[in-house]
Amino acid sequence: EVADLTVWRRAAGGTAITCVLLAGLFVFLSSFHIVQAGHAGLVRQMGAVTGRHVGPGVNFTLPFIQDLVIYDTRVQKVPFDGLEAASAEYQLVGVKGTLNYRINPAAVPCRFEHVGSQHELEQKVLIPALQQNIKAVLPRYAILDILPQRAQIATQVTAAMAATFATYTTDGGV
């Protein structure tokens, strides 16, 4: 009986040590995060934005204290349809197209703290700014001039968007 009890205690002790080592290994390995090329990571500590952003590669965060939010910094496209603006003759014109944008990796902490996720950036900031700038540019053109001069209109809307975000951000971009 005593020999059986000693074997059981040794086995239980070995199992406990194995479980602790496996848990420690899991915590250690979960502290490493891989950020893919074309993405940027934002380090949050206890839910607060630290202002630290990390680039592509393997990155380390403190377990249970820090986490990593990943943003795609490649060119994104946001299709839009149903935007309306008036021409010079006050005729309503439907506008359909695609907005292309790219997030500056250094600006990821600011974007997350002030706007939120990438989807929220598109819905709360980019699309409303696009609507406003289209409504500012389109009335400069007569209804018959809009289609032939759409490249010029697109250039003016792009310049207006750049001006909007130059005043909206400190880094001059989204």
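Structure report, in brief. (Residues numbered from 1 in each chain as written. Predicted model: local features only at pLDDT ≥ 70, side-chain atom pairs only at ≥ 80, totals over all residues. Heavy atoms only, no water.)

1. Quick notes on the overall build of the protein chain
Looking only at helices and strands, the protein chain features five helices and seven strands. When burial is assessed residue by residue, the protein chain has 32% of its 174 residues classed as buried. When the accessible surface of the protein chain is totalled, it reaches about 11,100 Å², and 61% of it is carbon and sulfur. (Helix = DSSP H or I, 4+ residues; strand = E, 2+ residues; numbered from the N terminus. Buried < 20%, exposed > 50% of the residue type's maximum accessible area, 1.4 Å probe, protein only. Areas by Shrake-Rupley, 256 points an atom, 1.4 Å probe, with all protein chains shown as cover.)

2. Brief notes about the side chain of asparagine 133
Along the chain, asparagine 133 turns up in helix H3 (residues 118–137). What asparagine 133 contacts, discounting residues up to four positions off in sequence, is Val157, Ala160, Met161 and Thr164. (Contact = heavy atoms within 4.5 Å.)

3. Observations concerning unusual backbone geometry
Note: most peptide bonds trans; most residues except glycine with negative phi. Even without glycine at this site, methionine 46 takes up a positive phi of about 55°. Mapping methionine 46 onto the fold places it in the loop between strand E2 (39–45) and strand E3 (48–54). When its relative accessible area of 65% is taken as the criterion, methionine 46 is described as exposed. One non-glycine residue, phenylalanine 64, lies in the positive phi region at around 70°. In this fold, phenylalanine 64 is placed in the loop between strand E4 (57–60) and strand E5 (66–72). Assessed through its relative accessible area of 74%, phenylalanine 64 is described here as exposed.

4. Regarding the pairing of strand E6 (residues 76–86)
Relative to strand E7 (residues 92–101), E6 runs antiparallel, the two sharing nine bridges. Bridge pairing in E7 places glutamine 76 opposite tyrosine 101. Where E6 folds back onto E7 in an antiparallel hairpin, the turn is made up of five residues, including tyrosine 90, whose phi is positive at roughly 65°. (Pairing = 2+ DSSP bridges.)

5. Some words on the nonpolar core
Grouped together as the largest cluster of nonpolar side chains are 31 residues, with contacts concentrated most on Phe80, Leu130, Ile134 and Leu138. Ignoring any residue separated from it by four or fewer positions in sequence, one finds isoleucine 134 in contact with Phe80, Leu83, Ala85, Val95, Pro139 and Val157. (Core = buried A, V, L, I, M, F, W, Y, C linked by side-chain atoms within 4.5 Å.)

6. Some points on a nonpolar patch on the surface
Together, Leu22, Leu25, Phe28, Leu29, Phe32, Ile34, Met46, Val58, Phe60, Leu62, Phe64 and Ile65 give the surface a local cluster of nonpolar side chains, amounting to about 1,300 Å² of exposed area. Counting residues per element, the ones that place at least two in the nonpolar patch are helix H1 (2–29), strand E1 (32–35) and E4. Among the secondary structure elements, leucine 25 is positioned in helix H1. (Patch = residues over 30% accessible without salt bridge, like charges linked within 9 Å, V, L, I, M, F, W, Y side chains within 5 Å. Salt bridge = Lys/Arg side-chain N within 4 Å of Asp/Glu carboxyl O.)

7. Description of the sheet that holds E2
Reading across from one edge, E3-E2-E5 is the order of the three strands in this open sheet, with antiparallel pairing throughout. A strand with exactly one partner marks an edge of an open sheet, and here the two such strands are E3 and E5. Each strand of the sheet is rotated relative to its neighbour by a mean of 30°, with strand direction disregarded. Note that E2 and E5 share seven bridges and pair antiparallel. In the sheet register, leucine 42 faces E5, and the bridge partner there is valine 69. (Axes fitted to C-alpha atoms, helices over the stretch in contact; angles between N-to-C directions.)

8. Concerning the environment of glycine 97
Note that glycine 97 resides in strand E7. Non-local contacts of glycine 97, meaning those with residues more than four positions away in its chain, are made with Val78, Pro79 and Phe80.

9. Considering the pattern of salt bridges
Under the criterion given, the structure shown has three salt bridges. Among the ionic pairs, aspartate 72 bridges to arginine 74, the shortest N-O distance being 2.9 Å. Residue class for aspartate 72 comes out buried when judged on its relative accessible area of 14%. According to the relative accessible area criterion, arginine 74 is partly exposed, its value standing at 44%. Here lysine 124 makes a salt bridge to glutamate 120, at a shortest N to O gap of 3.7 Å. Of this pair, lysine 124 and glutamate 120 both sit in helix H3, four residues apart, which is roughly one turn of that helix. Judged by its relative accessible area of 54%, lysine 124 falls in the exposed class. With relative accessibility at 30%, the residue glutamate 120 sits in the partly exposed group.

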